[in-house]
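Notes for the structure review
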Amino acid sequence: MSRFLRYHPINEFEPFFESLGLKPYEYTPLLPRDLMFLSDDCLLLENYRVLCEHGIERNKIGQIYKKAVQVFQYEFGVLPLKLQAYKELGLSESFMAKIIVCSPCVLIGDVDMKFIKVLEILRSVEFDHVWIKEHLSDQDSYNWSMILRVLNFFSEMGCSMDQILSVFLQFQEIQVGQFVSNLNKCFLFLHEIEMEVDEIGKIENPQELDKWGIGTRVGPLPVSVEDIESQRGGELQERFDSIVNAGLDKEDVSEMVSVSPQILNQSKAVIQSKIDILVNELGYPLSTLVSFPSYLSYAIQRVGLRLAMYNWLKDQEKVEPDLALSTIVACSDKIFLSQYVNHHPSGPPVWQDLKSKIYPG
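Residues numbered from 1 in each chain as written. Predicted model: local features only at pLDDT ≥ 70, side-chain atom pairs only at ≥ 80, totals over all residues. Heavy atoms only, no water.

1. Structural notes on the overall build of the chain
Counted only if it meets this: A run of DSSP states H or I qualifies as a helix once it reaches four residues; a run of E qualifies as a strand once it reaches two. Both are numbered from the N-terminal end. Each residue is assigned to one of three classes by its accessible area relative to the maximum for its type, calculated with a 1.4 Å probe on protein chains only: buried under 20%, partly exposed between the two thresholds, exposed over 50%. Residue contacts follow a heavy-atom distance rule, with two residues in contact if any of their heavy atoms lie within 4.5 Å. Surface accessibility in these figures is a Shrake-Rupley result with a 1.4 Å probe; residues are shielded only by whichever protein chains are displayed.
Along its length, the chain carries 21 helices and zero strands. Classification of the 361 residues of the chain by burial places 43% in the buried group. Considering only residue pairs separated by 6 or more positions, the chain has 70% of its internal contacts joining residues 24 or more positions apart. Working note: accessible area of the chain is about 19500 Å², and carbon and sulfur atoms make up 52% of it.

2. Focus: the environment of S242
The topology assignment puts S242 in helix α14 (residues 225-245). Residue S242 is classed as buried on the basis of its relative accessible area, which comes to 5%. Spatially, the C-alpha atoms of S242 and Q272 are 6.9 Å apart, while their sequence positions differ by 30 residues. Apart from the residues lying within four places of it in its own chain, the contact partners of S242 are K268, I271 and Q272.

3. Details of the nonpolar core
Counted only if it meets this: Here, nonpolar core means buried Ala, Val, Leu, Ile, Met, Phe, Trp, Tyr and Cys residues that are tied together by side-chain atoms lying within 4.5 Å of each other.
Counting residues in hydrophobic clusters, the biggest one holds 48 residues, and the most contacted among them are F17, M96, V106, L107, F115 and W144. Top element by residues in this core is helix α7 (residues 93-102). It accounts for seven residues. Contact partners of V106, with chain neighbours within four places excluded, come to Y86, M96, I99, I100, D112, F115 and W144. In terms of nonpolar packing, the next biggest core, distinct from the first, is built from 40 residues, Y284, L286, L307 and I328 among them.

4. Considering the side chain of H344
Relative to the elements of secondary structure, H344 occurs in the loop between α20 (333-339) and α21 (347-358). The residues touching H344, leaving out its near neighbours within four places in the chain, are W312, L313, Q316 and K318.

5. A look at helix α4 (residues 42-53)
What counts here: A helix's residues, less one, multiplied by 1.5 Å, set its expected span.
If you check α4, its first and last C-alpha atoms are 17 Å apart, about what 12 residues at 1.5 Å a residue would give, namely 16 Å. Those residues of α4 that sit buried are L43, L44, E46, N47, Y48, V50 and L51. Where α4 is buried, its residues contact α2 (13-19), α5 (61-67) and α6 (78-87). Once α4 ends, the next one or two residues include G55, with phi positive near 85 degrees.

6. Digging into the environment of F115
Here F115 lies in helix α8 (residues 113-124). Judged by relative accessible area, which is 0%, F115 ranks as buried. Between the C-alpha atom of F115 and that of S103, which follows or precedes it by 12 residues, the distance is 9.8 Å. Those residues in contact with F115, other than ones at most four positions away along the chain, are Y86, L91, F95, M96, I99, V106 and W144.

7. Points about the packing of helix α18 (residues 300-315) against α21
Rules: Convention adopted: a line fitted to C-alpha atoms gives each axis, helices being fitted over their contacting stretch, and angles between N-to-C directions are expressed from 0 to 180 degrees. When the near helix sits turned anticlockwise from the far one by under a right angle, the crossing is termed left-handed; a clockwise turn instead gives a right-handed crossing. Classification used: nonpolar for Ala, Val, Leu, Ile, Met, Phe, Trp, Tyr, Cys and Pro, charged for Asp, Glu, Lys and Arg, polar for all others including Gly.
Closest axis-to-axis distance for the α18/α21 pair is 10 Å, and the angle between their directions is 145 degrees. Here the hand of the crossing between α18 and α21 comes out right-handed. Each of Q301, G304, L305, R306, A308, M309 and W312 in α18 lies in contact with α21, whose residues at this interface are G347, V350, W351, L354, K355 and I358. Among the residues making up the contact of α18 with α21, the classes are represented as eight nonpolar, three polar and two charged.

Written as C-alpha cells, this is what we have:
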C-alpha cells in the first residue's frame, strides 16, 4: 500500500473540500492544478483556521470558498484584522459568522459600508441582529448594495421607517434575499412602463403585483437592469451621456444610475428639460442631482407644487429655511401635508390654490 501511495498520492484537497461541505461536482473545478498536499498551500490553511476560530462551522466554510476564494489567499494576519474591524463596529462574532457564510464579500476590500448602512437602517426600525440572523439563508447570496437601493427606494417613495417595518413584518416568512429580488423586479417593471415614483408609492396592496407577470396585457417583467440595457442599450447610453454633458462627472452619473436606475427610463429631451428647470428656474446647483438623483424621476408639476408651497411656508417662517430638495419632493402628499402644510392655518387653502394653478382642470 505504501508503495502504491508513493507513486499514486492522494490529492488531499479533495477530502478537505468535502469536509468543508462541498460535493464533488462543486469542488472539482476549485482543485488547484499543481498542488496535491494541503501543506503546500499554507495561506489556505491559515485562513481556514482563522474562520474556524471565529465561530464559523467547518461544513459551511466551503460555501465561503465557492463565493469568495480571495478570502483564502490573504497573507498572514490580514483576515483577523478584517474581522476585528467589524467587531469594533459592535458586531458580535456569532452574528458575523452568519453574515460571512451568507455574504463572504463583506471580507473583500475594506469594511463594506453599504452593509453597515443597511444594518443601521434595520436597527432604526427595531430589527435587531437576532431577527436578521433568523431571516438570512445560507443558500442565498446577498447584494448589500441592492438591498440599500431598495431601502432608499422606499424612502424616496415617502415611506416612513415604520411603514418599511410593516412591509417586512407582513412578509417575514420570506427570506430577505428573495424579498429584495422580487421587489427589485417589480420596481424595474413599474418604471419600465413609465410609472412615476409617487404613483408607485400609492400601491397599497403589494399582493396585487401577483396578478402581473409574463404574458399579461401589461407585458413581461424585466429580470434585471442588464436585461433592459440589452434591449435598449443605445437609448440608455444617449440618456446617460445627456446627464454627463450637463456638467457632471461620469463617475458621479454612474453612481446616480446605480442608486436610481429609473432615471434613464425617460427620453433625453425630458431629462434635459428637468435639469434645465432644476438649475435655471428653481435655482439649485447641478450637484444637487448627485445627492438626489431621483429628482429626475418626478413629474415637473410635482416638484413645482412642492417648492411653491415650501417657499410660501418659508416666508411665513413655518419651516426650516434650508431643507434639502429630497426632503421637500420625495415624501408622499400625506406626509407633506401633515408635516408642513398643516402647520399654518392658511396652509391647506394655499396648497389647494397652488395645486389648481399647476394642475388646471
